[in-house]
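Close look at the chain arrangement
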Amino acid sequence: MSLTDDRFPVARPSLSDLEERYVVDALRSGWVSSQGPYLTDFEDRFARWCAAGTAVATANGTVALHLVLAAAGIGPGDEVIVPALTYVATANAVAYCGARAVCVDVLPQSWCIDPAAVRAAIGPRTRAVIAVDLYGHPADYPALRALCGRHGLLLVADAAESFGATVDGHPTGALADATTFSFFGNKVITAGEGGCVTTSDEALAARMRLLRNQGMDPQRRYYFPVLGYNYRMTNLGAALLCAQLDRADEILARRDAVIAGYEAQLADEPALSAQPVVAGVRRAPWMAAFLVGPVGDATSRDAVALALDRLGVETRPFFVPIPDLPAHHDPLAHCPVTTDLSRRGINLPTYPELTEAGVKTVVERVRAALATIT
């Protein structure tokens, strides 16, 4: 197979005339900043979608994480347990508070944080646990809630990748004390940027709303009793998200079809293994995720990715382990499952407008790329 100009990006937002209509309406209304009817509508609807008490919209998913931790009073000297395999924002938000991110390993059967490893890492300075729904698969929230309840810890779900997922029928957004979402351009629903926190803890929600608006007293304009942040979402962004919520079922179904197509057509490839899904879980169809080669293979994934790039298929490697990053370097962290997944994991193009024929073409190119390593 030769080089081709027919390229498949790894991600592409799904935008329609509806998004344009809502954004133009917001623009013409004059409500383009951090107030407006679309903001109120989005927060109300998103909380209902997640079966949560309330939703607090934010500028992006990273500040959503920081806002939760700051509102909970986490600061210098505190520790927050996080999975070693996640996007850097999870650990960065902890560092923004002056606290320390303690990295633990993930489970091979879900790729999410290992409750047993969390239990072993709890110490006198532990204040919270952040579970990450990696590649759309929810963590083991029943086990984590029980554990955090016994130790008086805040349980935060980083659901940046899991909009639309459920555990035993319960939606992401209502499985932890607080749940954060991202609406970056490659997420299941998007506003280009944007984030949100869902919670049923009204006191925590009130504190987050205070902090996201520069700490301004809601009863006294331009009086700031606390140090706050400008973490607000715009009405324009909320307009986009209201349209995305209107189309959410359609978007989820199309993405599900793409991932199902890959997994069915590549099931006979011995060098590939698809993302595992635990019983009772409905995975969010964020990105098709596969492992290349056997356990311990540190080279095949990159060779396949390079071959696919030459064939016109953009891919993503799995995240670099947090303890291997300079800002969070921890030479004592022992996370063998994370290390293996990070070396072997690859994401294939996943977006709603990828047709059945497109999936078939990508599959053909994946097979050609795998042939280069055998």
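Refer to the structure presented above.
From a predicted model like this one, the values you see are computed outputs, not experimental measurements. (Residues numbered from 1 in each chain as written. Predicted model: local features only at pLDDT ≥ 70, side-chain atom pairs only at ≥ 80, totals over all residues. Heavy atoms only, no water.)

All right, on to the environment of Ala178 then. Here Ala178 is to be found in strand β8 (residues 178–182). Overall, Ala178 belongs to the buried group, its relative accessible area being 0%. When the C-alpha positions of Ala178 and Tyr141 are compared, they lie 12 Å apart, and in sequence the two are 37 residues distant. When residues no more than four places from it in sequence are discounted, the contact partners of Ala178 are Val68, Leu155, Val156, Ala157, Val197, Thr198, Thr199 and Leu204. (Helix = DSSP H or I, 4+ residues; strand = E, 2+ residues; numbered from the N terminus. Buried < 20%, exposed > 50% of the residue type's maximum accessible area, 1.4 Å probe, protein only. Contact = heavy atoms within 4.5 Å.)

Within the element layout of this structure, Val56 appears in strand β1 (residues 54–58). Distance in space between the C-alpha atoms of Val56 and Leu67 is 9.9 Å, their sequence separation being 11 residues. Sequence-distant contacts of Val56, that is, excluding residues within four places in its chain, are made with Glu43, Leu67, Cys196, Val197, Ala205, Met208, Arg209 and Arg212.

This next bit is on the packing of helix α3 (residues 61–71) against helix α4 (residues 88–96). Contact pair α3 / α4: the axes reach a minimum separation of 9 Å and the direction vectors enclose 40°. Judged by the angle between their axes, α3 and α4 are oblique. As for the relative orientation of α3 and α4, their crossing is right-handed in sense. Across from Thr62, Leu65, His66 and Leu69 in α3, the residues of α4 making contact are Ala89, Thr90, Ala93, Val94 and Tyr96. (Axes fitted to C-alpha atoms, helices over the stretch in contact; angles between N-to-C directions. Parallel < 35°, antiparallel > 145°, perpendicular 65-115°, else oblique. Left-handed = near helix turned anticlockwise from the far one by under 90°.)

Of all 5 residues in strand β12 (residues 288–292), 5 are buried; the element is thus mostly enclosed. Going residue by residue along β12, you find Ala288, Phe290 and Val292 tucked away on one face and Ala289 and Leu291 tucked away on the opposite face as well. By the bridge criterion, 3 bridges tie strand β10 (residues 272–274) to β12 in an arrangement that is antiparallel. When the bridges of β12 are listed, Ser273 appears paired with Leu291. Bridge analysis of β12 against strand β14 (residues 345–348) gives 4 bridges, and the strand direction is antiparallel. (Pairing = 2+ DSSP bridges.)

Formed by 45 residues in total, the largest nonpolar core has its most connected members in Phe42, Phe46 and Phe183. Of all the elements in the fold, those that place two or more residues in this core are α1 (17–29), α2 (37–49), β1, α8 (235–246), α9 (248–265) and β12. Looking at this core, the element that brings in the most residues is α8, giving 7 residues. Beyond its immediate chain neighbours, meaning those up to four positions away, Phe42 contacts Ala57, Phe183, Cys196, Met233, Ala238, Leu241, Cys242 and Leu245. (Core = buried A, V, L, I, M, F, W, Y, C linked by side-chain atoms within 4.5 Å.)

This part is about the packing of α1 against α8. Remark: α1 packs on α8, axes separated minimally by 8 Å, with the N-to-C direction vectors making an angle of 150°. Taken together, the axes of α1 and α8 are roughly antiparallel relative to one another. Judged by the sense of rotation from one axis to the other, the crossing of α1 with α8 is right-handed. For the pair α1 and α8, contact is made by Leu18, Glu19, Tyr22, Val23, Ala26 and Leu27 and by Asn235, Leu236, Ala239, Leu240, Cys242, Ala243, Gln244 and Asp246, respectively.

Moving on, we get to helix α7 (residues 202–212). Along α7, the residues classified as buried are Leu204, Ala205, Met208, Leu210, Leu211 and Arg212. On its buried face, α7 is in contact with α2, β1, α3, β8 and β9 (195–199). Between the side-chain oxygen of the N-cap and the backbone nitrogen of Ala203 there are 3.1 Å, and the N-cap of α7 in question is Asp201. (Polar contact = N/O pair within 3.5 Å; in protein donor to acceptor, adjacent residues only side chain to side chain.)

Here we come to the sheet that holds β12. The pairing of strands in a sheet happens through backbone hydrogen bonds and is either parallel or antiparallel. The antiparallel open sheet is built from 4 strands, whose spatial order is β10-β12-β14-β13. A strand with exactly one partner marks an edge of an open sheet, and here the two such strands are β10 and β13 (316–317). Sheet topology note: the β13/β14 ladder contains 2 bridges and is antiparallel. Looking at β14, one finds that Arg316 is bridged to Asn347. Relative to the sheet, α9 contacts β10, β12 and β14, its axis offset from that of β12 by approximately 25°.

Our next topic: the side chain of Thr90. Tracing the backbone shows Thr90 in helix α4. By relative accessible area, Thr90 is classed as buried at 1%. Within polar-contact distance, the side chain of Thr90 engages the side chain of Thr86 at 2.8 Å. Those residues in contact with Thr90, other than ones at most four positions away along the chain, are Leu65, Val82, Ile130, Val132 and Asp158.

This part is about the sheet that holds strand β5 (residues 154–158). Taken together, 7 strands build an open sheet; the order of strands is β1-β9-β8-β5-β4-β2-β3 and the sheet is mixed. Taken across any chain shown, the strands that pair with only one partner, and hence form the sheet edges, are β1 and β3 (100–104). Taking each pair of neighbouring strands and ignoring which way they run, the sheet shows an average axis angle of 25°. Helix α6 (residues 141–151) rests against β4 (126–132) and β5 of the sheet, and its axis sits at about 155° to β5. Sheet contacts for α7: β1, β8 and β9; angle to β1, the most-contacted strand, approximately 20°.

Here we take up the pattern of salt bridges. One pass over the structure, following the stated rule, counts 19 salt bridges. We note a salt bridge from Arg247 to Glu250, for which the minimum N-O separation is 3.4 Å. Residue Arg247 is classed as buried on the basis of its relative accessible area of 8%. Measuring nitrogen to oxygen at the nearest pair gives 3.3 Å for the salt bridge that ties Glu250 to Arg254. One end of the pair, Glu250, and the other, Arg254, are both in helix α9, 4 residues apart, so they sit about a helical turn from each other. Taking relative accessible area as the criterion, Glu250 reaches 32% and is therefore assigned partly exposed. On the basis of relative accessible area, Arg254 is assigned to the partly exposed category, the value being 37%. Among the charged side chains, a salt-bridge network with shared partners connects Glu19, Arg247, Glu250, Arg254 and Glu353. (Salt bridge = Lys/Arg side-chain N within 4 Å of Asp/Glu carboxyl O.)

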